[in-house]
Amino acid sequence: MKNIKKYLLSAVWGSATAIILVACEDNNTFPAPKGQYPLEQLPAYFGKNFQIPADNLLTYEGVELGRMLFYETKLSANNQISCASCHQQSKAFTDGLAVSVGVEGRKRDVGSMSLSNLLWQKKFNWNGSASTLEEQVVMPIQHPNEMNQSLAISAQKLQATNNYPQKFKEVFKSEQITPQNIAKALAQFLRTLISANSKFDKVLRGEAQLTESEQRGRVLFFTHPIAGQLRGGNCGDCHGGLMVGGTAPDFQGFHNNGLDTDANLKNGLFDITKNPNDKGKFKAPSLRNIALTAPYMHDGRFQTLEEVLNHYNEHIKMSSSLDVLITEASNNLFVPPNTVDLGLTAQEKADIIAFLRTLTDEEFINNPKFKQP
């Protein structure tokens, strides 16, 4: 009688926990799972404040199709650029460039954002121009300085292949490839990019301990300073919560963080709201895996975390839309008028950076489920 081994896959779907039993015969064949895709076991501290569209529930087939499309160069006008070109797994799905580079070497004015824990995010892109992943994923395909291809042509090119029509049929019950289903498949894959096994996560689960420097940095990170009473780094005001930022509702997570004066402010959120007070405001991204995603800021102007801390501590530029969370934060009892002086010591800055490095998730950047199929 054949030896049947049972494999338990523990998973969370919404708020329900599913147990899936998969039989594997002793010839070591393992049939590809099908049907509903259970997300990885989600930490309780991430919360359940997310929604998956009813018309795009995750399936194994859909996630796998989305992964194929993520690495598919046929979605670009020159058949050389894919989503993964600007979102490389080893760099926490960024590309190491100040601004993203698309077909024919064309450059954008913003850099590629890191992709992780998108399931909980409410607004996408530096300026908040997308409210769902289904909206967001098709933007770079069509942007003239990125992949520069219409969705109709993308669908036609995939339709002409030997494998994609059948793959789409498995997911969407039709071999006819449509722009809408391209978007849905990509969104399914992106929702599975969950980073939850950094040293910080292990500390939260009681599996590891921070060093003294990392612990001091953690306290500083999440503390708003009160001059003469409470020292803090003021980081958590914009990058707060145990998810470490990126999940604020609507446009609350967009800030002018003092990069430029009024004369040089970029539009940012203003492009969406047309409110003059939103000029210079950009999305405060998640800081998970931040040590891997240099250069920093929407335009990649800072090369190191040390430069970032120096900016917030000593080089804030005044402007009409500068965030009040920055202007009211200082560890010093006296700050000259029309200036910002956070007043961190060199040791405090080093401690905050030590904590930031605990947010690196090696399992995430090496997960074979996210690699090119």
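Preceding block: the structure.
Note that the coordinates shown come from a computational prediction; the quantities given were computed from them, not determined experimentally. Sequence order as written defines residue numbering, which begins from 1 separately in each chain. Note on the predicted model: pLDDT of at least 70 is required for a residue's local features to be given, and 80 or more for side-chain atom pairs to be given and counted; whole-chain, interface and lining totals, by contrast, use all residues. Where side-chain values are given, they derive from all heavy atoms of the structure, hydrogens and water being excluded.

Colleague: Quick question: what am I supposed to make of the environment of Gly102 here?
Modeller: Only runs of H or I of at least four residues qualify as helices and only runs of E of at least two qualify as strands under DSSP, and these elements are numbered from the N terminus. Mapped onto the elements, Gly102 comes out in the loop between α2 (83-86) and α3 (133-136). In this scheme, a residue with accessible area under 20% of its type's maximum is buried, one over 50% is exposed, and one in between is partly exposed, where area comes from a 1.4 Å probe on protein chains only. Classification of Gly102 as buried rests on a relative accessible area of 7%. As a C-alpha pair, Gly102 and Asn145 span 43 residues in sequence and 5.4 Å in three-dimensional space. Contacts are assigned to residue pairs that have any heavy atoms within 4.5 Å of one another. If we skip the residues at most four places from it in the chain, Gly102 touches Ile81, Asn145 and Glu146.

Colleague: What should I look at first to understand the nonpolar core in this one?
Modeller: If you look at soluble globular proteins, the nonpolar side chains tend to sit buried side by side. Put simply, buried Ala, Val, Leu, Ile, Met, Phe, Trp, Tyr and Cys residues joined by side-chain atoms within 4.5 Å make one nonpolar core. Grouped together as the largest cluster of nonpolar side chains are 53 residues, with contacts concentrated most on Leu69, Phe70, Phe168 and Leu190. If you tally residues by element for this core, the top one is helix α7 (residues 179-191), at seven residues. Once residues within four sequence positions are removed from consideration, Leu69 is found in contact with Leu75, Cys83, Leu158, Tyr164, Phe168, Ile182, Ala185 and Leu186. By size, the runner-up hydrophobic cluster in this structure holds 22 residues, among which are Leu344, Ile353, Phe355 and Leu359.

Colleague: What exactly am I supposed to notice about the side chain of Lys123 here?
Modeller: Along the chain, the position of Lys123 falls in the loop between α2 and α3. A distance of 2.7 Å separates a polar atom in the side chain of Lys123 from a polar atom in the side chain of Ser131. Contact partners of Lys123, with chain neighbours within four places excluded, come to Gly128, Ala130, Ser131, Asp250, Phe251, Phe254 and Lys283. Polar contact criterion, stated in full: a pair of N or O atoms within 3.5 Å, where within protein one must be able to donate a hydrogen and the other to accept it, and residues adjacent in sequence count only if both atoms are side-chain atoms.

Colleague: Any chance you could explain unusual backbone geometry here in plain terms?
Modeller: One can expect most non-glycine residues to show negative phi and most peptide bonds to be in trans. Put simply, Ala294 and Pro295 share a cis peptide bond, and its omega is 0 degrees. Relative to the helices and strands, Pro295 resides in the loop between β4 (282-283) and α11 (305-314). Positive phi, close to 60 degrees, is recorded for Ala92, a residue that is not glycine. Residue classification places Ala92 among the buried residues on the basis of a relative accessible area of 0%.

Colleague: What is the right way to read the packing of α11 against helix α13 (residues 346-357) from this model?
Modeller: A packed helix pair is summarised by two numbers, namely the angle formed by the two axes and the spacing between the axes. Interhelical geometry of α11 versus α13 gives an angle of 130 degrees and a closest axis separation of 10 Å. One way to sum up the angle between α11 and α13 is to call them oblique. Taken as a pair, α11 and α13 cross one another with a handedness that is right-handed. For the pair formed by α11 and α13, the contact residues are Leu305, Glu306, Leu309, Asn310, Asn313 and Glu314 on the first element and Lys349, Ile352, Ile353, Leu356 and Arg357 on the second. Classifying every residue of the contact of α11 with α13 gives five nonpolar, two polar and four charged. Note on geometry: axes are lines fitted to C-alpha atoms, helical ones only across the stretch in contact, with angles between N-to-C directions running from 0 to 180 degrees. Angle categories are assigned with fixed cut-offs, so that under 35 degrees is roughly parallel, over 145 is roughly antiparallel, 65 to 115 is roughly perpendicular, and the rest are oblique. Helix crossings are classified by the rotation of the near helix relative to the far one: an anticlockwise turn of less than a right angle makes the crossing left-handed, while a clockwise turn makes it right-handed. Throughout this entry, Asp, Glu, Lys and Arg are counted as charged residues, while Ala, Val, Leu, Ile, Met, Phe, Trp, Tyr, Cys and Pro are counted as nonpolar. The remaining residues, Gly among them, count as polar.

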